[in-house]
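What follows is each chain in one-letter form.
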Amino acid sequence: DFLPTDMLHRSTHRIAAATPPLLGLPGDALSVLARTLADPLRPLELIAFANTCHAVYAAVQGELLKLQEVHANAQVLCTKVGTTCCKLSGSADMMWSDKNIDAADSTVLAQIIASGALPKLERLDLGANKIGDAGLKALCDALAMGALPQLEYLGLGKNQIGDAGLDSLAKAFAMGALVNLKELIVDDGPLGTEHPALKAACEARRINLP
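Residues numbered from 1 in each chain as written. Predicted model: local features only at pLDDT ≥ 70, side-chain atom pairs only at ≥ 80, totals over all residues. Heavy atoms only, no water.

(A) Broad picture of the overall build of the chain. For the chain, the helix and strand inventory stands at nine helices and four strands. Reading the helices (α) and strands (β) of the chain from amino to carboxyl end gives α-α-α-α-α-β-α-β-α-β-α-β-α. For the chain, the proportion of its 210 residues judged to be buried stands at 45%. Just so you have it, the chain exposes about 10,400 Å², and 55% of that area is on carbon and sulfur atoms. (Helix = DSSP H or I, 4+ residues; strand = E, 2+ residues; numbered from the N terminus. Buried < 20%, exposed > 50% of the residue type's maximum accessible area, 1.4 Å probe, protein only. Areas by Shrake-Rupley, 256 points an atom, 1.4 Å probe, with all protein chains shown as cover.)

(B) Quick look at the side chain of S106. Note on placement: S106 falls in helix α6 (residues 103–114). The contacts of S106, once residues within four sequence positions are left out, are I101, I131, G135 and L139. (Contact = heavy atoms within 4.5 Å.)

(C) Broad picture of the sheet that holds strand β3 (residues 153–155). Across the sheet, four strands lie side by side as β1-β2-β3-β4; this open sheet has parallel pairing. At either margin of the open sheet sits one strand with a lone partner, and together these are β1 (93–95) and β4 (183–185). On average, adjacent strands in this sheet sit at an angle of 5° to one another, irrespective of strand direction. With three bridges connecting them, strand β2 (residues 123–125) and β3 associate as parallel partners. The partner of D125 across the bridge, within β3, is G155. (Pairing = 2+ DSSP bridges. Axes fitted to C-alpha atoms, helices over the stretch in contact; angles between N-to-C directions.)

(D) Looking closely at the nonpolar core. Of all hydrophobic cores here, the largest spans 48 residues; its most connected members are L148, L156, F173 and L184. Counting residues per element, the ones that place at least two in this core are α4 (54–81), α5 (85–88), α6, α7 (132–143), α8 (163–174) and α9 (196–205). Residue contacts for L156: discarding those within four places in its chain leaves L126, G127, I131, L136, I161, L169, L184, I185 and V186. (Core = buried A, V, L, I, M, F, W, Y, C linked by side-chain atoms within 4.5 Å.)

(E) Examining α4 more closely. For α4, built from 28 residues, the straight-helix expectation of 40 Å at 1.5 Å per residue is met to within 8% by its first-to-last C-alpha distance of 38 Å. Of all the bends in α4, the greatest measures close to 60° and is centred on V60. Within α4, burial applies to V56, V60, E63, L64, L67, V70, H71, A74, L77, C78 and V81. Phi for G82, located one or two positions after α4, is positive at around 85°. (Expected span 1.5 Å × (residues − 1). Bend = angle between axes of the 7 residues up to and from the residue.)

(F) Summary view of unusual backbone geometry. For L178, which is not a glycine, the phi torsion comes out positive at approximately 55°. Residue position: L178 is located in the loop between α8 and β4. One non-glycine residue, R206, lies in positive phi territory at about 60°. The class of R206 is exposed, set by a relative accessible area of 77%.

(G) Representation of the pattern of salt bridges in the model. This model, assessed by the stated rule, comprises seven salt bridges. The salt bridge involving K182 is made with E152; its shortest N-O contact spans 3.7 Å. With K182 in the loop between α8 and β4 and E152 in the loop between α7 and β3, this residue pair connects regions lying 30 residues apart in the sequence. Classification of K182 by relative accessible area gives partly exposed; the value is 48%. A single salt-bridge network, built from bridges that share partners, covers R35, E63 and K66. (Salt bridge = Lys/Arg side-chain N within 4 Å of Asp/Glu carboxyl O.)

(H) Representation of the packing of α8 against α9. Two elements in contact, α8 and α9, have axes whose closest approach is 8 Å; the angle formed by their N-to-C orientations is 25°. Of the possible angle classes, the one that applies to α8 and α9 is roughly parallel. Seen from above, α8 lies across α9 with left-handed handedness. Of α9, the residues touching α8 (which contributes L166, D167, L169, A170 and F173) are A197, L198, A201, C202 and R205. Split into classes, the residues belonging to the contact of α8 with α9 amount to eight nonpolar, no polar and two charged. (Parallel < 35°, antiparallel > 145°, perpendicular 65-115°, else oblique. Left-handed = near helix turned anticlockwise from the far one by under 90°. Nonpolar A, V, L, I, M, F, W, Y, C, P; charged D, E, K, R; others polar.)

Now the structure itself:
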């Protein structure tokens, strides 16, 4: 189980009241609805929805299993950086510099970001970690989907990021990622502030690249 039984029962009763009109929906539609409820930091809503009746559970079981895996990985990552999923949810600041975050951790963070679980985040500092090109690409794939709409500051310095990773970031910016970003911190030089594609993308978007 993800959560204490009493919490699950309270949420299940609340969602059950709205469930009858949904029972006539096809399984594909229920799966789409399940994806909108799938928050890896706060999985209660999808769990409660899945437990309202056998028909709904059967339709969303696949999404529930995916959520269980991502939630478990999110818990491990939060423990690593010294926080919890509940504390992270709704945060405006994530100061995760020098937390030994690697590419695998970045992939988990990308899944959390892509889920839309951090809509209020304004500052994300991932400096002095080990994200690398693979980790940054995973994050960029999530950002290119329109995640983190309120983010204004992104710190990525000292992360072993090379040309491929910076190209991914430049492409994400060109696709409209991080619409409110005002400042980006990367390393100095050709693999950072002077990277041609990244510099051009930041200039086009008026993102400060100090």
